[in-house]
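Chain residues, written in single-letter form:
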Amino acid sequence: MTIDSHAHLEMEEFDGDRDAVLGRAAAAGLMAIVTVGTTIPDCEKAVELARLYPPVYAAVGIHPHEVKGIDAGTYDALRVLAQQEKVVAIGEIGLDFFYDLSPREVQLRWFAEQLDLALELDLPVIIHDREAHAETLAILRQRKGRLRGVLHCFSGDAAMARECLALGFYLSVAGPVTYRKSEQLRAVAREIPAERLLIETDAPYLSPQPWRGKRNEPVYVVETARCLAEIRGMAAGELERVTEENARRLFGLGRKKSA
Ligand code: NI
């Protein structure tokens, strides 16, 4: 029994069989799934899924790939969405200097604006950081002691992990921890204190082995949990229990009225 702390159930990859995907997750004992919007239309869809399906909770935010298309109305639309029932975080927000699909100065401005929206609404944040570790840390440091949240699909080194932990953040581990070449990630994942550890799929992306390259779905988080438990020398059931507790604490699941 655990929680997939980050999936994208609203994406069109699930339009054909969403009920079946959620059925498999429930059958495997997944207690909750946080589905994370990346555009305004996808955030609206995420909020609607949370309304329809009891185990689903929503996060709303504009992904760094998408901030190039933001207009004056986006921030207000996001603020309204963020106050809907079962919205538990602002995300997915952050910086992606690997793909650079939005100009960097636009990414930096909107990352900061959305962090400040989270502060205003007292919500945790779900952060995407790819090849932008120093810039991400700098922006988080400016809000030290006020923000709470998670670095999703954490990809930094041990030093960055220590600094994120010192800033009070959780670190979330996804399918890549199961890939043969992810030695650095496994070394970092071994050292994350149990009370700050989350697990996730990032479905439909980043399937763990042995499904790498295929569409990911929340039920596969069980495989990431199994692998991570082995790395850390814990029982898989204990790792699932601890990561579920952590997700509940961070996102306040069970405290928010569920539909
Ligand atoms: Ni994601």
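Note: the structure precedes this text.
All of these numbers come straight from a predicted model, not from anything done at the bench.

Colleague: Tell me about the coordination of the nickel ion, residues and numbers included.
Modeller: Bound to the nickel ion on the protein side are His-6 (NE2), His-8 (NE2), Glu-92 (OE) and Asp-202 (OD), at distances that span 2.2 to 2.3 Å. Around the nickel ion sit four donor atoms; with metal-centred angles ranging over 82 to 173°, the donor geometry is irregular. In the primary structure, the donors to the nickel ion are separated according to the pattern H-x1-H-x83-E-x109-D. By relative accessible area, which is 1% here, His-6 ends up buried.

Colleague: Tell me about helix H5 (residues 133-141), and please be specific about residues and values.
Modeller: Three or more residues of H5 are buried, namely Thr-136, Leu-137, Ile-139 and Leu-140. What you see down the axis of H5 is that its buried residues fit within an arc of 165°, all on one side. Buried residues along H5 sit against strand E4 (87-96), helix H4 (104-121), strand E5 (125-130), strand E6 (149-151) and helix H6 (158-166).

Colleague: Before we move on, can you summarise the nonpolar core with the specific residues and values?
Modeller: In this structure, Val-60, Ile-90, Val-125, Leu-140, Leu-151 and Phe-169 are the most contacted members of the largest nonpolar core, which totals 69 residues. In this structure, Val-60 is in contact with Cys-43, Val-47, Leu-78, Leu-81, Ala-82, Val-87, Ala-89, Ile-90 and Gly-91, ignoring residues within four places of it in sequence.

Colleague: Hey, could you go over a nonpolar patch on the surface for me, with residue numbers and the actual values?
Modeller: A cluster of nonpolar side chains, contributed by Phe-98, Tyr-99 and Leu-101, occupies part of the molecular surface with about 310 Å² of accessible area. Counting through the fold element by element, Phe-98 comes out in the loop between E4 and H4. Overall, Phe-98 belongs to the partly exposed group, its relative accessible area being 43%.

Colleague: Help me get a handle on the packing of aromatic side chains, residues and values and all.
Modeller: Here the structure, examined in full by the defined rule, presents three aromatic pairs. For the ring pair Tyr-75 and Trp-110, a centre distance of 6.3 Å and an interplane angle of 50° mean the geometry is tilted. Here the residue Tyr-75 occupies a position in helix H3 (residues 74-82), and Trp-110 occupies one in helix H4, the gap between them amounting to 35 residues. Owing to a relative accessible area of 8%, Trp-110 belongs among the buried residues under this scheme. Measuring from centroid to centroid gives 3.9 Å for Trp-211 and Tyr-220, while their planes differ by 5°, and the two rings are stacked. The class of Trp-211 is partly exposed, set by a relative accessible area of 26%. Between Lys-86 and the ring centre of Tyr-57, over which it is positioned, the NZ or CZ distance is 4.9 Å. Over the ring of Phe-97 we find Arg-104; its NZ or CZ atom is 4.2 Å from the centre of that ring.

Colleague: Break down the pattern of salt bridges for me, citing the residues and quoting the values.
Modeller: This structure, assessed with the given rule, holds 19 salt bridges. One salt bridge connects Arg-215 with Asp-17, and the closest N-O pair in it is separated by 2.9 Å. Taken together, the residues Arg-215 in the loop between strand E8 (197-199) and helix H8 (221-232) and Asp-17 in the loop between strand E1 (2-7) and helix H1 (18-27) connect sequence positions 198 residues apart. Notably, a salt bridge pairs Glu-217 with Arg-215, separated by 3.3 Å at the nearest N-O pair. What emerges from the salt-bridge pattern is a single network uniting Asp-17, Arg-24, Arg-215 and Glu-217.

Colleague: So what's going on with the environment of Ala-32? Which residues, and what values?
Modeller: For Ala-32, the location among the structural elements is in strand E2 (residues 30-36). For Ala-32, a relative accessible area of 1% puts it in the buried group. A sequence separation of 95 residues divides Ala-32 from Ile-127, and the C-alpha atoms of the two residues are 19 Å apart. Those residues in contact with Ala-32, other than ones at most four positions away along the chain, are Thr-2, Ile-3, Asp-4, Pro-55, Tyr-57 and Leu-253.

Conventions we followed
Residues numbered from 1 in each chain as written. Predicted model: local features only at pLDDT ≥ 70, side-chain atom pairs only at ≥ 80, totals over all residues. Heavy atoms only, no water. Donors = N, O, S within 2.8 Å, 3.2 Å for Na, K, Ca; no water. Tetrahedral: all angles 85-135°; square planar, octahedral: opposite > 155°, others 65-115°. Buried < 20%, exposed > 50% of the residue type's maximum accessible area, 1.4 Å probe, protein only. Helix = DSSP H or I, 4+ residues; strand = E, 2+ residues; numbered from the N terminus. Arc of directions from axis to C-beta. Contact = heavy atoms within 4.5 Å. Core = buried A, V, L, I, M, F, W, Y, C linked by side-chain atoms within 4.5 Å. Patch = residues over 30% accessible without salt bridge, like charges linked within 9 Å, V, L, I, M, F, W, Y side chains within 5 Å. Areas by Shrake-Rupley, 256 points an atom, 1.4 Å probe, with all protein chains shown as cover. Salt bridge = Lys/Arg side-chain N within 4 Å of Asp/Glu carboxyl O. Phe/Tyr/Trp six-rings, centres within 6.5 Å; stacked < 30°, edge-to-face > 60°. Lys NZ or Arg CZ within 6 Å of the ring centre and 35° of its normal.

Bear in mind that shape data such as this cannot, by itself, settle questions of function.
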